[in-house]
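Here's the letter readout for the chains.
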Amino acid sequence: TPQNELWIVFSTQEFARYHWSTLEKINHKFNNPAEFWIDNKWQDIVIDGNNRIWLAGWMPKSYGICYFNPENNEFVDVADKSINPDRGKFVGDFYTKIGLGYNQSLLFSAYGGSTRTDKNGKITQKIDIYDYNIADTHFRGITEDSNGNVFFATTEGLHIYRKKSDEVVRLSQIDGLPTNYLVHSFFQLNDQKIAMGTDDGLVIVDMKTALQTQLTDQLK
């Protein structure tokens, strides 16, 4: 973290904190109430370009996106009405992965779609299964290219939101993917390539190639 600490994230209990790199345990607690850890199921944590720490997961009593406020030593729920007065912009309450977008934005994949926020957590975009042609509800892993095209993995292949045409297209085994089940792991290697885990290996996709209209056998 920016505080030279190592945080280990658990699903339903408070993080373990250690000094980096001595690994001496830090017993100082966060100021969030106990139910923040017990009632929710955390999935991912990311540090953005401004050294702000973001947390995403399943929040049955809220919407699943928080950021850390070091001044108060607590996580802030972006569902607070002072940040997002329109709750309808959230996809749901179960976010799975966090990606770093361009222009200091954050991308969050979820069950049912994805959400983009600005650097302060205000929602600026929603892509969901109701407004776009998406083959699956399980989104896990998300990123974008320099032109604002958003790539996200599902159990039914790799989907791409094309910014220019405001539509979502799907890449599958027909286009050369070894499998459509792409929710094991997701990592952007650089400005051009995405790596995704499969049941028995790894597939690397070139984002520029993936945007071409004729894709058959081009992703192997």
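The structure displayed is predicted, hence computed values, not measured ones.

## A short note on the overall build of the protein chain
Then step 1. Along its length, the protein chain carries two helices and 18 strands.
Then step 2. Here the C-alpha radius of gyration of the protein chain, 18 Å, is about what a compact globule of 220 residues would show, namely 17 Å.
Then step 3. With respect to the principal axes defined by its C-alpha atoms, the protein chain has extents near 55 × 40 × 30 Å.
Then step 4. The buried share among the 220 residues of the protein chain stands at 49%.
Then step 5. Taking as baseline every contact in the protein chain between residues at least 6 positions apart, the subset at least 24 positions apart corresponds to 43%.
Then step 6. In the structure as shown, the protein chain presents an accessible area of about 11300 Å², 45% of it carried by carbon and sulfur atoms.
Then step 7. Positive and negative side-chain charges in the protein chain, numbering 22 and 28 respectively, have mean positions lying 2 Å apart.

## Considerations on the sheet that holds strand S7 (residues 74-77)
Then step 1. Ordered in space as S4-S5-S6-S7, the four strands form an open sheet in which the pairing is antiparallel. For this open sheet the edge positions go to strand S4 (41-47) and S7, each flanked by a neighbour on one side alone. Shown here is a sheet whose adjacent strand axes are inclined to one another by a mean of 30°, direction ignored.
Then step 2. Alignment of S4 against strand S5 (residues 53-58), held across six bridges, turns out to be antiparallel. By the bridge assignment, Trp-42 is partnered in S5 with Gly-57.

## Things to note about the packing of aromatic side chains
Then step 1. Under the counting rule described, the total for this entry stands at 23 aromatic pairs.
Then step 2. Their ring planes at 90° and their centres at 5.2 Å tell us that Trp-7 and Phe-68 sit as a pair that is edge-to-face. Linking Trp-7 in strand S1 (residues 5-8) with Phe-68 in strand S6 (residues 65-69), this pair joins segments that are 61 residues apart in sequence. No difference in accessibility class separates Trp-7 from Phe-68, as the two residues are buried.
Then step 3. Both rings, one in Phe-139 and one in Phe-152, keep their centres 4.5 Å apart while their planes meet at 10°; by these two values the pair is stacked. Remark: Phe-152 occurs in strand S13 (residues 150-154) and Phe-139 occurs in the loop between strand S11 (123-128) and strand S12 (142-144); sequence separation between them is 13 residues.
Then step 4. By the ring-pair criterion, three or more aromatic residues cluster together here, those being Trp-7, Phe-15, Phe-30, Phe-36, Trp-37, Trp-42, Phe-68 and Phe-75.
Then step 5. Here the guanidinium or amino end of Arg-17 rests over the ring plane of Phe-30, the centre of that ring lying 4.4 Å away.
Then step 6. The ring centre of Tyr-67 lies 4.0 Å from the NZ or CZ of Arg-52, which sits over that ring.

## Examining the environment of Trp-20
Then step 1. Relative to the helices and strands, Trp-20 is located in the loop between strand S2 (16-19) and strand S3 (25-26).
Then step 2. When the C-alpha positions of Trp-20 and Tyr-95 are compared, they lie 28 Å apart, and in sequence the two are 75 residues distant.
Then step 3. With residues up to four places along the chain from it excluded, the contact list for Trp-20 reads Asn-4, Glu-5 and Leu-6.

## Re the pairing of strand S18 (residues 201-206)
Then step 1. Pairing of strand S17 (residues 193-198) with S18 involves six bridges; the strand directions are antiparallel. Residue pairing for S18: Met-196 is matched across the bridge by Val-203.
Then step 2. Linking S17 to S18, which pair antiparallel, is a turn of two residues.

## Considering the sheet that holds S2
Then step 1. Strand order in the open sheet formed by three strands is S1-S2-S3, with antiparallel pairing between adjacent strands. Edge strands, defined here as strands with exactly one partner in the open sheet, are S1 and S3.
Then step 2. Bridging between S1 and S2 involves four bridges; their strand directions are antiparallel. Opposite Ile-8, over in S2, you have Ala-16 as the bridge partner.

Definitions and cut-offs
- Residues numbered from 1 in each chain as written.
- Predicted model: local features only at pLDDT ≥ 70, side-chain atom pairs only at ≥ 80, totals over all residues.
- Heavy atoms only, no water.
- Helix = DSSP H or I, 4+ residues; strand = E, 2+ residues; numbered from the N terminus.
- Rg over C-alpha atoms; globule rule 2.2 N^0.38 Å.
- Buried < 20%, exposed > 50% of the residue type's maximum accessible area, 1.4 Å probe, protein only.
- Contact = heavy atoms within 4.5 Å.
- Areas by Shrake-Rupley, 256 points an atom, 1.4 Å probe, with all protein chains shown as cover.
- Lys, Arg positive; Asp, Glu negative; His and termini not counted.
- Charge placed at Lys NZ, Arg CZ, Asp CG, Glu CD.
- Pairing = 2+ DSSP bridges.
- Axes fitted to C-alpha atoms, helices over the stretch in contact; angles between N-to-C directions.
- Phe/Tyr/Trp six-rings, centres within 6.5 Å; stacked < 30°, edge-to-face > 60°.
- Lys NZ or Arg CZ within 6 Å of the ring centre and 35° of its normal.

These figures come from the coordinates and say nothing about function on their own.
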